[in-house]
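Residues per chain are reported as follows:
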Amino acid sequence: MSARSFIDTQDFARNHSEIRGELPVSGMERLSDLLADSQGGVRYALRGGSDKDGQLYLEVEISGICQLLCQRCLKAMAYPVTIANRLLLQVEDGLEQMEGDDQPDSIAPNRHLDVAALLEDEVLLSLPIAPRHAEGECVAVYRQADQGGERHPFAALGQLKVIK
Ligand SMILES: [Zn+2]
């Protein structure tokens, strides 16, 4: 399954269709801009269905690791992405949006929905606004704590890159 696929959301949901695949991070431009590097990819599953009231929906599952930039030390930080979300196929009106987060997420029906763009939107929404390493795990802290003098000053960087 090519990453750049398009679906008719109504048909997709009505037919209870399902597609799965892997999307390279490098293919998601908006996401790549936020990351320390764009290696790797995310696995996804997109399923269509309808609930007991006949409301059509898409279910999105995404998992993978993104190399975010830590806002404290500006080095790579492996961030696990795990998304399982149901998107109702309906035109959202202003009132519903104002009621806040209790409302289920929804997207407007679309005859030619760009699957990769939808997945990228979901990943972007799931990311923390200001990602940071856990306390004491920033690269600068590693280097200060490394009093031995034997290690190359950039050894900690090498270790970070190994993390996938
Ligand atoms: Zn950090």
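Being a predicted model, the structure only gives us computed values, none of them experimental. (Residues numbered from 1 in each chain as written. Predicted model: local features only at pLDDT ≥ 70, side-chain atom pairs only at ≥ 80, totals over all residues. Heavy atoms only, no water.)

Engineer: Looking at this structure, I do not really get the overall build of the chain. What am I missing?
Structural biologist: Within the chain, the secondary structure is distributed over 6 helices and 8 strands. Tracing the chain from N to C terminus, the helices and strands come up as β-α-β-α-β-β-β-β-α-β-β-α-α-α. Within the chain, the proportion of its 164 residues that are buried is 35%. Within the chain, contacts between residues separated by at least 24 positions form 59% of all contacts whose residues are at least 6 apart in sequence. Total accessible area computed for the chain in this model is approximately 10,100 Å², and 50% of it derives from carbon and sulfur atoms. (Helix = DSSP H or I, 4+ residues; strand = E, 2+ residues; numbered from the N terminus. Buried < 20%, exposed > 50% of the residue type's maximum accessible area, 1.4 Å probe, protein only. Contact = heavy atoms within 4.5 Å. Areas by Shrake-Rupley, 256 points an atom, 1.4 Å probe, with all protein chains shown as cover.)

Engineer: Looking at this structure, I do not really get the nonpolar core. What am I missing?
Structural biologist: Within soluble globular proteins, side chains that are nonpolar generally end up buried alongside one another. Leu-31, Leu-46, Leu-58, Ile-62 and Leu-118 are the most contacted members of the largest nonpolar core, which has 30 residues in total. Put simply, the parts of the chain that give this core at least two residues each are α1 (9–14), β2 (18–24), β4 (41–50), β5 (56–69), β6 (76–89) and α4 (115–126). Counting residues per element, this core draws most heavily on β5, at 6 residues. One finds Cys-70, Cys-73, Cys-138 and Val-139 within the second-largest nonpolar core, a separate group that totals 5 residues. (Core = buried A, V, L, I, M, F, W, Y, C linked by side-chain atoms within 4.5 Å.)

Engineer: Is there a simple way to think about the packing of aromatic side chains in this case?
Structural biologist: Centre-to-centre distance and the angle between the planes together describe a pair of aromatic rings. For the structure shown, the criterion picks out 0 aromatic pairs. The ring of Tyr-57 carries the charged tip of Arg-86 above its face, separated from the ring centre by 3.8 Å. (Phe/Tyr/Trp six-rings, centres within 6.5 Å; stacked < 30°, edge-to-face > 60°. Lys NZ or Arg CZ within 6 Å of the ring centre and 35° of its normal.)

Engineer: Teacher, can you tell me more about the side chain of Arg-47 here?
Structural biologist: By secondary structure assignment, the location of Arg-47 is in strand β4. A polar contact of 2.4 Å, which involves the side chain of Arg-47, links it to the side chain of Glu-61. Among residues more than four places away in sequence, those in contact with Arg-47 are Phe-12, Ser-17, Glu-18, Arg-20, Tyr-57, Leu-58, Glu-59 and Glu-61. (Polar contact = N/O pair within 3.5 Å; in protein donor to acceptor, adjacent residues only side chain to side chain.)

Engineer: Could you clarify how one ought to interpret the coordination of the zinc ion in this entry?
Structural biologist: Geometry reference: four tetrahedral donors at a metal, ideal angle 109.5 degrees. Six octahedral donors, ideal angles 90 or 180 degrees. Coordination sphere of the zinc ion, protein contribution only: Cys-70 (SG), Cys-73 (SG), His-133 (ND1) and Cys-138 (SG), at 1.9 to 2.4 Å. With 4 donor atoms in place around the zinc ion and angles of 103 to 120 degrees between them, the coordination shape is tetrahedral. In the primary sequence, the donor residues of the zinc ion line up as C-x2-C-x59-H-x4-C. Taken as a pair, Cys-73 in the loop between β5 and β6 and Cys-138 in the loop between α4 and α5 (139–145) lie far apart in primary sequence, 65 residues in all. (Donors = N, O, S within 2.8 Å, 3.2 Å for Na, K, Ca; no water. Tetrahedral: all angles 85-135°; square planar, octahedral: opposite > 155°, others 65-115°.)

Engineer: So what exactly am I meant to see when it comes to unusual backbone geometry here?
Structural biologist: The backbone of His-16 sits at a positive phi, close to 50 degrees, despite the residue not being glycine. Looking at the element boundaries, His-16 is found in the loop between α1 and β2. For His-16, a relative accessible area of 48% corresponds to the partly exposed category. Here the phi dihedral of Leu-74 falls at roughly 60 degrees; this positive angle occurs in a residue that is not glycine. Accessibility expressed as a relative area gives 56% for Leu-74, which makes it exposed.

Engineer: I'm lost on the confidence of the model for the chain in this one. Help?
Structural biologist: Low pLDDT marks regions whose predicted coordinates should not be analysed in detail. When the pLDDT values of the chain are averaged, the result is 84; 77% of them are 70 or greater. Mean pLDDT across the secondary structure elements of the chain bottoms out at helix α6 (residues 155–162), with 53, and peaks at α1, with 98. (pLDDT = per-residue confidence, 0-100.)

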